[in-house]
Amino acid sequence: KRQVSTQSTWGQEWCDLMEGTDVCFAPVLSMQEAAQHPHNAGRQALVEVAGVTQPNVAPRFQGTPSAIRTPPPKVGQHTTSILAALGYSAQDIERFRGDGVI
């Protein structure tokens, strides 16, 4: 048996150690690393739309093509309309802005 210290072994070393074993594992990756991971890249699991890397459409079927048609919303883009739809007045929303809530 091989002992490994969790405080000194990172990343690829863990993958190398566990590949080919019956250990169920997966590395924790940043979004950039995930997009470049061979499995995800091969499956086109992540795509870039308007400069934002995001999960691709799922599930994808051969006979039913699909695609992401619009970019993701910007942070806060729909805040006002959502709060208004929830019943908050324009004055409430402006107060939230002024208080730094939104």
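Keep in mind that what you see is a predicted model, and the values were worked out from it rather than measured.

This next bit is on the overall build of the chain. Helix and strand counts for the chain stand at 5 helices and 2 strands. When its helices and strands are written in sequence order, the chain yields α-α-α-β-β-α-α. For the chain, the C-alpha radius of gyration of 22 Å lies well beyond 13 Å, the compact-globule estimate for 102 residues. Counting only C-alpha atoms, the chain reaches 65 × 45 × 25 Å along its principal axes. Residue burial in the chain is summarised as follows: out of 102 residues, 11% are buried. Counting contacts in the chain only where the partners sit at least 6 residues apart, residues at least 24 apart contribute 0% of the total.

Quantified by volume, the largest pocket comes out at close to 170 Å³. Taken together, Gly11, Gln12, Cys15, Pro27, Val28, Leu29, Glu33, His37 and Pro38 make up the full set of residues lining the largest pocket. Within the lining of the largest pocket, the residues separate by chemical class into 5 nonpolar, 3 polar and 1 charged.

Right, let's talk about the confidence of the model for the chain for a bit. When the pLDDT values of the chain are averaged, the result is 87; 90% of them are 70 or greater. By mean pLDDT, helix α2 (residues 31-36) is the weakest element of the chain at 84, and helix α4 (residues 79-85) is the strongest at 98.

Judged by side-chain polarity, Ile82, Leu86 and Tyr88 come together as a nonpolar surface patch covering roughly 310 Å² of accessible area. Along the chain, leucine 86 falls in the loop between α4 and α5 (90-98).

Bridge count for strand β1 (residues 46-49) against strand β2 (residues 52-55) is 4 bridges, and the pairing is antiparallel. Bridge pairing in β2 places valine 47 opposite glutamine 54. The turn joining β1 and β2, which pair antiparallel and follow one another in sequence, is formed by 2 residues; a positive phi near 55° is taken by alanine 50.

Let us now look at the packing of aromatic side chains. Counting across every chain of the model gives 1 aromatic pair. The interplanar angle of 70° and the centroid separation of 5.3 Å between the aromatic rings of tyrosine 88 and phenylalanine 96 together place this pair among those described as edge-to-face. Relative accessible area serves as the criterion here: at 37%, tyrosine 88 is assigned to the partly exposed category.

Conventions used here
Residues numbered from 1 in each chain as written. Predicted model: local features only at pLDDT ≥ 70, side-chain atom pairs only at ≥ 80, totals over all residues. Heavy atoms only, no water. Helix = DSSP H or I, 4+ residues; strand = E, 2+ residues; numbered from the N terminus. Rg over C-alpha atoms; globule rule 2.2 N^0.38 Å. Buried < 20%, exposed > 50% of the residue type's maximum accessible area, 1.4 Å probe, protein only. Contact = heavy atoms within 4.5 Å. 1 Å grid on protein atoms, 1.4 Å probe; cavity = no way out; pocket = protein on both sides within 12 Å on 5 of 7 lines; lining within 4 Å. Points joined across faces, edges and corners; volume = space filled by probe spheres on them. Nonpolar A, V, L, I, M, F, W, Y, C, P; charged D, E, K, R; others polar. pLDDT = per-residue confidence, 0-100. Patch = residues over 30% accessible without salt bridge, like charges linked within 9 Å, V, L, I, M, F, W, Y side chains within 5 Å. Areas by Shrake-Rupley, 256 points an atom, 1.4 Å probe, with all protein chains shown as cover. Salt bridge = Lys/Arg side-chain N within 4 Å of Asp/Glu carboxyl O. Pairing = 2+ DSSP bridges. Phe/Tyr/Trp six-rings, centres within 6.5 Å; stacked < 30°, edge-to-face > 60°.

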